[in-house]
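# Breakdown of the fold
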Amino acid sequence: QPKFATKPLYKYVGLAFGKYIMIEIKDDFYIINQTAAQERMIYERLKENYYMDSSKNSQLMLLPDIINLNRKQMSIYQDNREIFRKAGFTIDEFGEDTIKLSGVPEVLIDLETKEVFLAVLDEINKVSRISKGEIEEKFLSTIAAKAAGETPVITQREFIVEFLDRFLVVPDSFKPVQSGTVAIKMTKADIEKKFSRRQ
């Protein structure tokens, strides 16, 4: 996977099928899956926010979500209360089965916050309850996947270039957050070989 400490000199080639960004960097040609790239960027922002000790990148909701939980869900939330807090969630408990969600990480403010919260609980439940690191990883990657899935595809050249300028300097930018592929790479030599009559 290529890593760029500083923004590489790239040439924007175009957009394929209204979604896949094509660029050249030196003698390499990349086709970038926009949704997977958004997921990588959001994941890195969430992770940076999560491990930051100072004020959290959190946003208060205009209308808090009142969410009823079953006993298992409440138990999972209570076991991982600190993880939610560190990620930028503001949550209050009412009685044995109700929580009030009044603040979320900034990337989630325009999404179905209740749905994201319940999906995160479900994903935490699937991973080993032993490893805190594993739970934190699943927690952040689930939020990133949800947020990226709801992010509109960028189609205008100027906004794609803005996006690329931010994306290409993200740590491990071409490494998928969960599974799948962020970018397909072909070298100039690969492409020329495809067109060559020589074997």
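Our subject is the structure that appears above.
Structure report, in brief. (Residues numbered from 1 in each chain as written. Predicted model: local features only at pLDDT ≥ 70, side-chain atom pairs only at ≥ 80, totals over all residues. Heavy atoms only, no water.)

## What about the overall build of the chain?
From N to C terminus, the chain includes seven helices and seven strands. Across its three principal directions, the C-alpha atoms of the chain cover 75 × 35 × 30 Å. In the chain, which comprises 199 residues, the proportion classed as buried is 41%. Long-range contacts, defined here as pairs at least 24 residues apart, represent 66% of the contacts in the chain between residues at least 6 apart. (Helix = DSSP H or I, 4+ residues; strand = E, 2+ residues; numbered from the N terminus. Buried < 20%, exposed > 50% of the residue type's maximum accessible area, 1.4 Å probe, protein only. Contact = heavy atoms within 4.5 Å.)

## Considering the sheet that holds strand β6 (residues 98-105)
The strands making up a sheet are joined through hydrogen bonds of the backbone, oriented either antiparallel or parallel. The three strands are arranged β4-β6-β5 in an open sheet whose pairing can be described as antiparallel. Sheet topology places β4 (58-68) and β5 (90-94) at the edges, where each strand pairs with a single neighbour. Adjacent strand axes in the sheet meet at a mean angle of 15°, parallel and antiparallel pairs treated alike. Pairing geometry for β4 and β6, over seven bridges, is antiparallel. Bridging across to β6, aspartate 65 finds its partner in leucine 101. (Pairing = 2+ DSSP bridges. Axes fitted to C-alpha atoms, helices over the stretch in contact; angles between N-to-C directions.)

## Details of the pairing of strand β2 (residues 20-25)
Bridge count for strand β1 (residues 11-16) against β2 is five bridges, and the pairing is antiparallel. Paired with glycine 14 across the bridge in β2 is methionine 22. Counted along the chain from β1 to the antiparallel partner β2, the turn is three residues long, and its residue phenylalanine 17 has a positive phi close to 55°. The sheet contact formed by β2 and strand β3 (residues 28-33) spans six bridges and is antiparallel. Across the sheet, the residue bridging to tyrosine 20 is asparagine 33, located in β3. Hairpin connection, β2 to β3: the antiparallel pair is bridged by two residues, and lysine 26 has positive phi, about 55°.

## Considering the pattern of salt bridges
As enumerated under the stated definition, the model contains nine salt bridges in all. We note a salt bridge from arginine 40 to glutamate 44, for which the minimum N-O separation is 2.5 Å. With a gap of four residues between them, arginine 40 and glutamate 44 both fall in helix α1 (residues 34-50), about one helical turn apart. Glutamate 44 shares its class with arginine 40; the two are buried. Taking the shortest distance from any N to any O, the salt bridge between lysine 146 and glutamate 115 comes out at 3.2 Å. Placement of lysine 146 in helix α5 (residues 132-150) and of glutamate 115 in helix α4 (residues 113-126) is noted, with a sequence separation of 31 residues between them. (Salt bridge = Lys/Arg side-chain N within 4 Å of Asp/Glu carboxyl O.)

## Overview of the packing of α1 against α5
Packing of α1 against α5 brings their axes to within 8 Å, and their N-to-C directions diverge by 135°. Taken together, the axes of α1 and α5 lie oblique to each other. Crossing geometry of α1 relative to α5 is assigned as right-handed. For the pair formed by α1 and α5, the contact residues are Thr35, Gln38, Glu39, Ile42, Tyr43, Leu46, Lys47 and Tyr50 on the first element and Glu136, Glu137, Leu140, Ser141, Ile143, Ala144, Ala145, Ala147, Ala148 and Gly149 on the second. Looking at side-chain class alone, the contact of α1 with α5 contains 10 nonpolar, four polar and four charged residues. (Parallel < 35°, antiparallel > 145°, perpendicular 65-115°, else oblique. Left-handed = near helix turned anticlockwise from the far one by under 90°. Nonpolar A, V, L, I, M, F, W, Y, C, P; charged D, E, K, R; others polar.)

## Concerning the layout of surface pockets
Estimated volume of the largest pocket: approximately 220 Å³. Lining the largest pocket, in full, are Gln38, Ile42, Arg45, Glu106, Val107, Ile109, Asp110, Leu111, Ala147, Glu150, Thr151 and Pro152. Tallied by class, the residues present in the lining of the largest pocket amount to six nonpolar, two polar and four charged. (1 Å grid on protein atoms, 1.4 Å probe; cavity = no way out; pocket = protein on both sides within 12 Å on 5 of 7 lines; lining within 4 Å. Points joined across faces, edges and corners; volume = space filled by probe spheres on them.)

## Remarks on the environment of aspartate 122
Positionally, aspartate 122 belongs in helix α4. Sequence-wise, aspartate 122 and phenylalanine 139 are 17 residues apart; in three dimensions their C-alpha atoms are separated by 9.8 Å.

## Here we look at unusual backbone geometry
Apart from glycine, the bulk of residues carry a negative phi angle, and the bulk of peptide bonds sit in the trans form. Of note in this structure, phenylalanine 17 is not a glycine but carries a positive phi near 55°. Counting through the fold element by element, phenylalanine 17 comes out in the loop between β1 and β2. Located in the positive-phi region is aspartate 172, a residue other than glycine, with phi close to 50°. Following the sequence through the fold, aspartate 172 ends up in the loop between α6 (157-167) and β7 (183-187).

Without other data, these values stay purely geometric and don't point to any function.
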